[in-house]
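Structural overview for review
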Amino acid sequence: MKIVTRAEWGATPWAGTPNAVPLSARTEFFIHYDGGTPVSRTGFAIMRAIEAEHRANGWSGVGYNFVVDQAGTIYEGRGWDLQGAHCPDHNITGIGVQIAIGGSQEPSAKALAAARTLYEEACRKTGRTLQKKGHKDGFATACPGPTLYAWVHAGMPAGDYKPAPTPAPGGSIGTGSAARYQTTINGLLYGYGARGAHITRVGEALMKRGFGKHYTSGPGPTWTDVDTMNYHDYQLSIGLTGTAADGVPGPESLKKLLGSLPSAAKPTPPFPGAFYFGPGKNNAHIALLGVQLVARGFGKHYTSGPGPKWSEADCKNLRDFQLSRPELRGDADGLPGPKTWRLLFS
Ligand SMILES: [Zn+2]
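Here the residue index of a chain counts from 1 through its sequence in written order. With the structure being a predicted model, the display of local features is reserved for residues of pLDDT at least 70 and the display and counting of side-chain atom pairs for 80 or more, all residues being used for whole-chain, interface and lining totals.

Structural notes on the overall build of the protein
Here a helix means four or more residues in a row that DSSP labels H or I, a strand means two or more in a row labelled E, and each is numbered from the N terminus. Within the protein one finds 10 helices and eight strands. The C-alpha radius of gyration computed for the protein amounts to 28 Å, which surpasses the reference 20 Å derived for 346 residues by more than 25%, pointing to a less compact arrangement than a globule. Principal-axis analysis of the C-alpha atoms gives the protein an extent of 85 × 45 × 35 Å. Taking all 346 residues of the protein together, 36% fall into the buried category. Considering only intrachain contacts with a sequence separation of at least 6, the fraction spanning at least 24 residues in the protein is 62%. Each radius of gyration reported is based on C-alpha atoms, and the globular scaling rule is 2.2 Å times the count of residues to the power 0.38. With C-beta atoms placed from the backbone, a residue is labelled by how many other C-beta atoms lie within 10 Å of its own: buried for 20 or more, exposed for 12 or fewer, partly exposed between the two. Residues are treated as contacting if the C-beta atoms built from their backbones sit within 7 Å of each other.

Some points on the domain arrangement of the protein
Note that domain bounds follow an automatic or database assignment of domains. Domain annotation for the protein reports domain 1 (3-153), domain 2 (182-258) and domain 3 (274-345). Here the C-alpha centroids of domain 1 and domain 3 sit 62 Å apart.

As for the nonpolar core
Among the nonpolar cores identified, the biggest contains 51 residues, and Val67, Val68, Val97, Ile99, Ala115 and Leu118 are the most heavily contacted of them. Of the residues forming this core, the biggest block, seven residues, is contributed by helix α3 (residues 109-126). Each of domain 1 (3-153) and domain 2 (182-258) accounts for three or more of the residues forming this core. Defined on buried residues, the nonpolar core groups Ala, Val, Leu, Ile, Met, Phe, Trp, Tyr and Cys residues joined through C-beta atoms within 7 Å. Residues Phe277, Trp310, Leu318 and Trp341 belong to the second largest nonpolar core, which totals 10 residues.

Considering the confidence of the model for the protein
The predictor's confidence in any single residue is recorded as pLDDT, a number from 0 to 100. Mean pLDDT over the protein: 89, with 93% of residues reaching 70 or higher. Confidence drops under a pLDDT of 50 for residues 164-179, and excluding neighbours within four residues, the segment shows 46 contacts in the predicted structure.

Describing the sheet that holds strand β1 (residues 3-4)
At least two bridges found by DSSP between two strands is the condition for calling them paired. In spatial order, the strands read β1-β4-β3-β5-β2-β6; together these six strands make up an open sheet with mixed pairing. The sheet is open, and its two borders are formed by β1 and β6 (131-134), each paired with just one other strand. Relative to strand β5 (residues 94-102), strand β2 (residues 28-35) is paired through seven bridges, and the arrangement is parallel. In the strand pairing of β5, Gly35 is matched with Gly102. Angles run from 0 to 180 degrees between N-to-C directions of axes, and those axes are lines fitted to C-alpha atoms, restricted for helices to the stretch in contact. Each of β2, β5 and β6 is contacted by helix α4 (residues 145-153), which is oriented at about 170 degrees to β6, the strand it contacts most.

Observations regarding α4
Taken together, the buried positions of α4 are occupied by Gly145, Thr147, Leu148, Tyr149, Trp151 and Val152. Along its buried surface, α4 packs onto β2, β5, α3 and β6. Remark: Gly155 follows α4 within two positions and exhibits a positive phi of approximately 95 degrees.

Some points on the pairing of β2
With respect to burial, β2 is a largely interior element, seven of its eight residues being buried. With four bridges connecting them, β2 and β6 associate as parallel partners. Paired with Phe30 across the two strands is Lys133, which belongs to β6.

Quick look at unusual backbone geometry
For the bond from Cys143 to Pro144, the omega torsion is 10 degrees, close enough to zero to count as cis. When you line up the elements, Pro144 lands in the loop between β6 and α4. The peptide bond linking Gly305 to Pro306 adopts the cis configuration, its omega dihedral lying at 10 degrees. By the element assignment, Pro306 lies in the loop between α8 (284-295) and α9 (312-324). The backbone of Asp89 sits at a positive phi, close to 75 degrees, despite the residue not being glycine. Summarising the element assignment, Asp89 is placed in the loop between β4 (74-76) and β5. With 14 C-beta atoms counted inside 10 Å, the residue Asp89 sits in the partly exposed group. Within the chain, Met156 stands out as a residue other than glycine whose phi angle is a positive 55 degrees.

Describing the packing of α8 against α9
Contact geometry of α8 with α9 gives a least axis separation of 10 Å together with a crossing angle of 50 degrees. On the basis of their axis angle, the class for α8 and α9 is oblique. Helix-helix and strand crossings are classified by hand; for α8 and α9 the assignment is left-handed. Residues Ile286, Leu289, Gly290 and Leu293 of α8 form the contact with α9, whose participating residues are Asp314, Asn317, Leu318 and Phe321. When the residues that make up the contact of α8 with α9 are grouped by side-chain class, the tally is five nonpolar, two polar and one charged. An angle below 35 degrees is read as roughly parallel, one above 145 as roughly antiparallel, one from 65 to 115 as roughly perpendicular, and any other as oblique. Two helices crossing with the near one rotated counterclockwise from the far one by less than a right angle form a left-handed crossing, whereas a clockwise rotation gives a right-handed crossing. Under the scheme applied here, ten amino acids are nonpolar (Ala, Val, Leu, Ile, Met, Phe, Trp, Tyr, Cys and Pro), four are charged (Asp, Glu, Lys and Arg), and all others, including Gly, are polar.

So this is what it looks like as structure tokens:
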């Protein structure tokens, strides 16, 4: 089995020295992938790109013990004897191997065969059968993607491999048993891969509380493993343990962190014009107005509906709403204008 050494692919010297780990401490073999975007680089350039990325994380260099490319070439990262930086809580016990593909790419037969050979060599060197794991068996992440994850749990076959149905994901920090890496709270998605201003807000709140140590460049709008690690630290601090501290928000921990739970913002519908409202009118804007009045607690005059046909009840309910708002009181005629409409829907 040929391994391209760090010297051969042109690694820069370690920034700081990773700790040595004896082979006797190794019990697990972790498979990773590169992540969301397809890997278009080939050869040594793959290693140099990973090195640049991992050094930007503040790590000594490539965090994986080995990397396998689509041609089946094996590259040295931390190698057999150094502690990795690939899966929190498993960097000593676990040998981490990245198969250099993005989320939409299928691993080649050569890559899988090389990873299998590496696994057998790892078992031979350690003198034991190492547990076969995907990154998400040890951490709340999407890595190594559905195809590689299924391959790992099919026993890492080296021959002609056809992806089997994906097994349920494992993965929570330090427990290897829970089954989630994302969650939806109040219509908003959190966890690995989630995006939006609400993600930045969580990161900023974590930093403010002193749980930002894994960030190297501050929180951003995309949830990454670093957010998961910081959230995990925060969960431990409020007394959560085991799968409850998997680095993925739950409603209670999130509410405690932010003070209140954000919800998905509904856009304000534009005001259609006064023409559509009043006696004799019949259209969808009237129904929309009625539904919103009820939602805001101003529906007491409806005996049926609300519906698309303008009624005296629409007028009375809207007047109640207008009277409830000082800025509308001077114009509480029970008919909507742009200002009434905006306040009712915001
Ligand atoms: Zn991974």
